[in-house]
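# Understanding the architecture of this molecule
Here are the chains, one letter per residue:
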Protein chains: 2
Amino acid sequence: MGARREGTETKARLRTEARDLYLDGGFAGFSLREVARRAGVSAAAVYRHFDSKEALMRDVCAAGFHIFSSYLLRALAARTPRERMAACAEQYLRFAVENPRDYRFIFMGAAEDFATLAPADTTESASTFHFLVDRVRECMQSRVLAKADPYTVAATIWAHVHGLVSLRLSGHFAGYGSDEEFARFYRAATAQLLSGLAE
Amino acid sequence: MGARREGTETKARLRTEARDLYLDGGFAGFSLREVARRAGVSAAAVYRHFDSKEALMRDVCAAGFHIFSSYLLRALAARTPRERMAACAEQYLRFAVENPRDYRFIFMGAAEDFATLAPADTTESASTFHFLVDRVRECMQSRVLAKADPYTVAATIWAHVHGLVSLRLSGHFAGYGSDEEFARFYRAATAQLLSGLAE
DNA sequence: GTCTATAGGTGGATAGAC
DNA sequence: GTCTATCCACCTATAGAC
């Protein structure tokens, strides 16, 4: 039994180390050998737990989506539609700032680094979008946003926050300095957009 | 002279193949050997034109920005600040639709994969940004936009159009069907943002 | 300017002992 | 289940002939 638990722990450890290695150095510095090194096992041991490098990476990526969802769901804790919408924007930012490589993987085309990963991505992003449409819809019902097609408005909002975040993560907004400075700009710009959609 | 022209063409060919190889297979499948193979020359020949793998990728980036600039500059032909701003948005869209691969390479993540690419890239995007700030400024002077910090407003606008375009190009807006359908949505969403910034 | 050949290296995956 | 040892494919970059 002790042996069995140790095996499971090694597998989890490999997942964690693989994720961190990817998050630290991107695809460029990623290798199974280095993952094994960090996990304190030989390279060959990895193949007792995963069929291939891709199988391991698929596992890591699923974890990225899981984290993203956990951020977004916190927005439901707010009490009014308006607050839930604001919380969505805030959680979206937090996820991106605290997990930039996960963000990039999911929304900025890094998925192409791991060829066979695309399908899950499409499914997951559709459900994320649906979540946002629901928030928009309840804002319209309580007149926080002007009535319009919820899908179009949701797409506008998503594009807005994604645009801010992705330009930031790819270094084009380097002028905003610290994460806190950028966060202030993000909040101001987003509030402005929402008030523009309210009239 | 014939020889000289052929050399130039080989260089351009290498640039194109490098860009497409990266966009097709991501960082994973990228190698100078494969670029050379596709261009129909030996791997060693690449080093006659570029100092290193990174130098090649920098060049690809610069070429993309050159095309991008040519689109944006056409917006100056419009006669009023308001029309120039609208033309900016339109040319931005046109560049993305007509050169999606260049757009993706420049603005959607190649920078992080090729570590030392940032410097040149940053410079180019800064001058683009400056161009937009000027358009915003003249709109504020003629009261087409409300007075505010031009940099912040320009960043908001850029993030907005980039968000729309990049989500479109990465397939997350597949629901909008044809390019024309997307263009209509893009124009409506952008007009809405600008009117929100006008009050 | 392009080639072939090669140096020098990394990494995925497997074989077989323990 | 983990190890060591190994195979093999592929990579960047350089040297030197043509």
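Structure report, in brief. (Residues numbered from 1 in each chain as written. Chains lettered and ligands numbered in written order. Predicted model: local features only at pLDDT ≥ 70, side-chain atom pairs only at ≥ 80, totals over all residues. Heavy atoms only, no water.)

Here we take up the protein's contact with DNA strand D. Taken together, 17 residues surround DNA strand D, and among them Ser-42, Arg-48 and His-49 of chain A together with Arg-33 and Tyr-47 of chain B come closest. Backbone atoms, meaning sugar plus phosphate, form 56% of the atoms of DNA strand D positioned within 4 Å of the protein. Between DNA strand D and His-49 of chain A, the relevant distance is 2.8 Å, taken from a phosphate oxygen to a side-chain nitrogen or oxygen of the residue. Take Tyr-47 of chain B: an N or O atom from its side chain is 2.7 Å from a phosphate oxygen of DNA strand D. With three residues, the single largest contributor to the surface near DNA strand D is helix 2 (residues 32–39) of chain B. (Near = heavy atom within 4 Å. Polar contact = N/O pair within 3.5 Å; in protein donor to acceptor, adjacent residues only side chain to side chain. Helix = DSSP H or I, 4+ residues; strand = E, 2+ residues; numbered from the N terminus.)

Below, the discussion takes up the packing of helix 4 (residues 53–73) of chain B against helix 6 (residues 100–107) of chain B. Residue and element names in this part refer to chain B. In the contact formed by helix 4 and helix 6, the axes pass within 9 Å of each other and the chain directions differ by 120 degrees. Accordingly, the angle class assigned to the pair helix 4 and helix 6 is oblique. Both helix 4 and helix 6 take part in a crossing whose hand is left-handed. Here helix 4 contributes Met-57, Val-60, Cys-61, Gly-64, Phe-65, Ile-67 and Phe-68 to the contact with helix 6, which in turn contributes Asp-102, Phe-105, Ile-106 and Phe-107. Residue composition of the contact of helix 4 with helix 6, grouped by class: nine nonpolar, one polar and one charged. (Axes fitted to C-alpha atoms, helices over the stretch in contact; angles between N-to-C directions. Parallel < 35°, antiparallel > 145°, perpendicular 65-115°, else oblique. Left-handed = near helix turned anticlockwise from the far one by under 90°. Contact = heavy atoms within 4.5 Å. Nonpolar A, V, L, I, M, F, W, Y, C, P; charged D, E, K, R; others polar.)

So, on to the nonpolar core. The biggest cluster of nonpolar side chains holds 131 residues, and the ones touching the most others in it are Phe-173 of chain A together with Phe-173 of chain B. Here the element with the most residues in this core is helix 8 (residues 150–169) of chain A; it accounts for 11 residues. With residues up to four places along the chain from it excluded, the contact list for Phe-173 of chain B reads Ala-155, Trp-158 and Ala-159 of chain A together with Leu-164, Leu-167, Arg-168, Phe-182 and Phe-185 of chain B. (Core = buried A, V, L, I, M, F, W, Y, C linked by side-chain atoms within 4.5 Å. Buried < 20%, exposed > 50% of the residue type's maximum accessible area, 1.4 Å probe, protein only.)

Let us now look at the relation of the copies chain A and chain B. Superposing chain A onto chain B takes a rotation of 178 degrees plus a shift of 1.5 Å along the axis, which leaves an RMSD of 1.9 Å. Taken together, the turn and the small shift mark the pair as related by a two-fold rotation axis. Distance from the rotation axis, computed per C-alpha, reaches its smallest value in chain A at Gly-163 of chain A: 1.4 Å. A share of 94% of the interface residues of chain A reappears at the interface of chain B, consistent with the copies meeting face to face through the same patch. (Least-squares fit on C-alpha atoms with pLDDT ≥ 70 in both.)

Reported here for the second largest pocket is a volume of approximately 190 Å³. Taken together, 12 residues line the second largest pocket, and the ones lying closest to its centre are His-172, Phe-173, Ala-174 and Gly-175 of chain A together with Phe-129 of chain B. Broken down by secondary-structure element, the contributors of at least two residues to the lining of the second largest pocket are helix 8 (118–141) and helix 9 (150–169) of chain B. Sort the elements by how many residues they give to the lining of the second largest pocket and helix 8 of chain B lands first, with four residues. Considered class by class, the residues forming the lining of the second largest pocket number seven nonpolar, five polar and no charged. (1 Å grid on protein atoms, 1.4 Å probe; cavity = no way out; pocket = protein on both sides within 12 Å on 5 of 7 lines; lining within 4 Å. Points joined across faces, edges and corners; volume = space filled by probe spheres on them.)

Keep in mind that these numbers describe shape and distance, not what the molecule does.
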